[in-house]
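Observations on the model geometry
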Amino acid sequence: MSIAEKSRETVPAAVDVPRRRRGKRVTDEHGKHVRVWELALRYLLLLAVLALTVGPFLWQLSTSLKGPTEDIFSSPPTFLPGEPTLHNYDRVAQTIPVWDYAFNSLKVATANVVTNCVGAALAGYALARLRYRGRKVATLVFILAMLVPVEGIIIAQFTTMRELGLNNTLIGVVLPGCIGAMNVLLMRNAFLNLPYEIEEAAFVDGANTWQRFLRIALPSVKGTLAVVAIFAFMGAWDDFLWPLIVLSDPDKFTLTIGLNYLHGTFANDERLVAAGTIIAVAPLIALFACLQRYFFRGVGEGAVKG
């Protein structure tokens, strides 16, 4: 082999050496190069937001696990409990019938999820797919309903429940929120994103409106249904004002009202209050953990078109 041929083989290898040593470039979702200090700043901001959102919950969890001999107001404060104990949760159950209140909240939240999923899916499909007079006006009515604060119509709701004889009943708690305007619009946007060609093919094959809704449209928006279910469950589980107004029998109190007794009678015992708070938040965390993959997919389904 001549010297010229050897040089031609070694030059490309020498040129490729620096490329291998440089390593991979950090890029964003659009393929744009991200500097190291920008990436570090992003992570710092994410950690700050994480501390602001998750920090109070972790602090309540830590307080609920601290024993009666530990000082929860020490300076500097101690985050980890010295001797973790579940005694505070037992004391909550001994102080108030917390499990009865939780069962009442579960019944209200489950009914709210079912009515919102069924009603919002039907209304959203009618607004997105069916052709009739007044469809745009009906959509505008749902948008305007979102602008009305709950406090502005709560007296009218209470009067209506009293006229219907539903005061001091769990049905009276469920009925005003059985179908939310926001959930209807979410389902409408999700149905609008579906291609019309699929339903047109089913129509040519002889499928009626109910068959197209149940077999084609509804299975395609499972993610948005999960979003509606989470929103409905959280709204019913965390609601405090309306159950406080419509309920008067302690046996029918929901969990949010029942936990208020801990703040009133045992305001100085922060461990007890923290344990009650964790009991109230735990079902929401479990629900979101089970439906999170559908939740993030559903946000994209219902947020592209308006």
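Residues numbered from 1 in each chain as written. Predicted model: local features only at pLDDT ≥ 70, side-chain atom pairs only at ≥ 80, totals over all residues. Heavy atoms only, no water.

Quick notes on the side chain of Asn 104
Put simply, the rule is: Runs of H or I in DSSP of at least four residues are treated as helices and runs of E of at least two as strands, each being numbered from the N terminus. Working rule for contacts: check all heavy atoms of both residues, and any pair within 4.5 Å makes them a contact.
Counting through the fold element by element, Asn 104 comes out in helix α4 (residues 98-128). With sequence-adjacent residues up to four places away left out, Asn 104 is seen in contact with Leu 170, Asp 251, Lys 252, Phe 253 and Thr 254.

A look at the nonpolar core
Convention followed: For the purposes of this section, nonpolar cores are sets of buried Ala, Val, Leu, Ile, Met, Phe, Trp, Tyr and Cys residues that join through side-chain atoms within 4.5 Å. Accessibility here uses a 1.4 Å probe with only protein chains present; expressed as a share of the type maximum, an area under 20% marks a residue as buried, one over 50% as exposed, and anything in between as partly exposed.
Within the largest apolar cluster, 52 residues are counted, with the highest numbers of intra-cluster contacts made by Val 92, Ile 96, Met 187, Phe 191, Trp 237, Leu 255 and Leu 262. The element contributing the most residues to this core is α4, with 12 residues. For Val 92, the contacting residues outside a window of four places in its chain are Val 98, Leu 262, Leu 272, Ala 275, Gly 276 and Ile 279.

Focus: the layout of surface pockets
The line we're drawing: A pocket, in this scheme, is an open set of points on a 1 Å grid over the protein atoms alone with protein on both sides within 12 Å along at least 5 of 7 lines, while a cavity is a set where a 1.4 Å probe fits but cannot get out; residues line either one if an atom lies within 4 Å of a point. Grid points are joined across faces, edges and corners, and a volume is the space filled by probe spheres set on the points. Residues are grouped as follows: nonpolar covers Ala, Val, Leu, Ile, Met, Phe, Trp, Tyr, Cys and Pro; charged covers Asp, Glu, Lys and Arg; every other residue, Gly included, is treated as polar.
There is about 800 Å³ of room inside the largest pocket. Together, 29 residues line the largest pocket, and Val 150, Pro 176, Gly 177, Ile 179 and Gly 180 are the ones closest to its centre. For the second largest pocket, the calculated volume is near 200 Å³. In terms of lining residues, the second largest pocket is bounded by 14 residues, among which Thr 256, Leu 259, His 263, Thr 277 and Ala 280 are the most central. Of the residues forming the lining of the second largest pocket, the biggest block, five residues, is contributed by helix α15 (residues 270-301). Here the lining of the second largest pocket is composed, by residue class, of eight nonpolar, five polar and one charged.

Some points on helix α3 (residues 87-95)
Which entries qualify depends on this criterion: Think of the arc as the fan of directions from the helix axis to the C-beta atoms.
Looking only at α3, the buried set comprises Asn 88, Tyr 89 and Val 92. End-on, the buried residues of α3 take up no more than an arc of 105°, which puts them together on one face.

Remarks on the environment of Ile 143
With respect to the helices, strands and loops of the structure, Ile 143 is situated in helix α5 (residues 135-147). Distance in space between the C-alpha atoms of Ile 143 and Met 182 is 7.9 Å, their sequence separation being 39 residues.

Overview of the confidence of the model for the protein
Let me state the cut-off plainly: The pLDDT score gives, residue by residue, the confidence of the prediction method on a 0 to 100 scale.
Per-chain confidence: the protein averages 82 in pLDDT, with 86% of residues scoring 70 or above. Segment residues 13-21: pLDDT under 50, and one contact once partners within four positions in sequence are set aside and those in other chains are kept. The low-confidence segment residues 302-306, where pLDDT is below 50, has 12 contacts with residues more than four positions distant or belonging to other chains.

Notes on the packing of α4 against helix α11 (residues 222-238)
Going by this rule: Inter-axis angles, ranging from 0 to 180 degrees, are taken between N-to-C directions of lines fitted to C-alpha atoms, where helices are fitted over the stretch in contact. Helix crossings get a hand from a simple test, with the near helix turned counterclockwise from the far one by less than a right angle marking a left-handed crossing and a clockwise turn marking a right-handed one.
Here α4 crosses α11 at 145°, and the two axes come no closer than 8 Å. The interaxial crossing formed by α4 with α11 has right-handed handedness. For the pair α4 and α11, the contacting residues are Ala 102, Ser 105, Leu 106, Val 108, Ala 109, Asn 112, Val 113, Asn 116, Cys 117 and Ala 121 in the first and Leu 225, Val 228, Ala 229, Ala 232, Phe 233, Ala 236 and Trp 237 in the second. Looking at the contact of α4 with α11, its residues break down into 14 nonpolar, three polar and no charged.

Re the packing of aromatic side chains
We count it as follows: In summary, the pairing rule links any two rings of Phe, Tyr or Trp, Trp by its six-membered ring, whose centres are within 6.5 Å, and it sorts them by plane angle into stacked for under 30 degrees, edge-to-face for over 60 and tilted for everything else. The rule is short: NZ of Lys or CZ of Arg within 6 Å of the ring centre and within 35 degrees of the ring normal puts a charge over the ring.
The tally for this structure, following the rule as stated, stands at eight aromatic pairs. Here Trp 59 and Phe 79 contribute two aromatic rings whose centre-to-centre distance is 6.1 Å and whose plane-to-plane angle is 35°, an arrangement assigned as tilted. Placement of the pair is Trp 59 in helix α2 (residues 36-64) and Phe 79 in the loop between α2 and α3, with a sequence separation of 20 residues. Taking the centre distance of 6.4 Å and the plane angle of 45° together, the rings of Tyr 101 and Phe 253 count as tilted. Linking Tyr 101 in helix α4 with Phe 253 in the loop between α12 (241-246) and α13 (255-258), this pair joins segments that are 152 residues apart in sequence. Classification of Phe 253 by relative accessible area gives buried; the value is 8%. Taken together through their ring pairs, the aromatic side chains of Tyr 125, Phe 191, Trp 210 and Phe 213 make up a single cluster. Positioned above the aromatic ring of Trp 59 is the side chain of Lys 66, whose terminal nitrogen or guanidinium carbon lies 5.1 Å from the ring centre. Lying across the ring of Tyr 196, Arg 129 places its NZ or CZ 4.1 Å from the centre.

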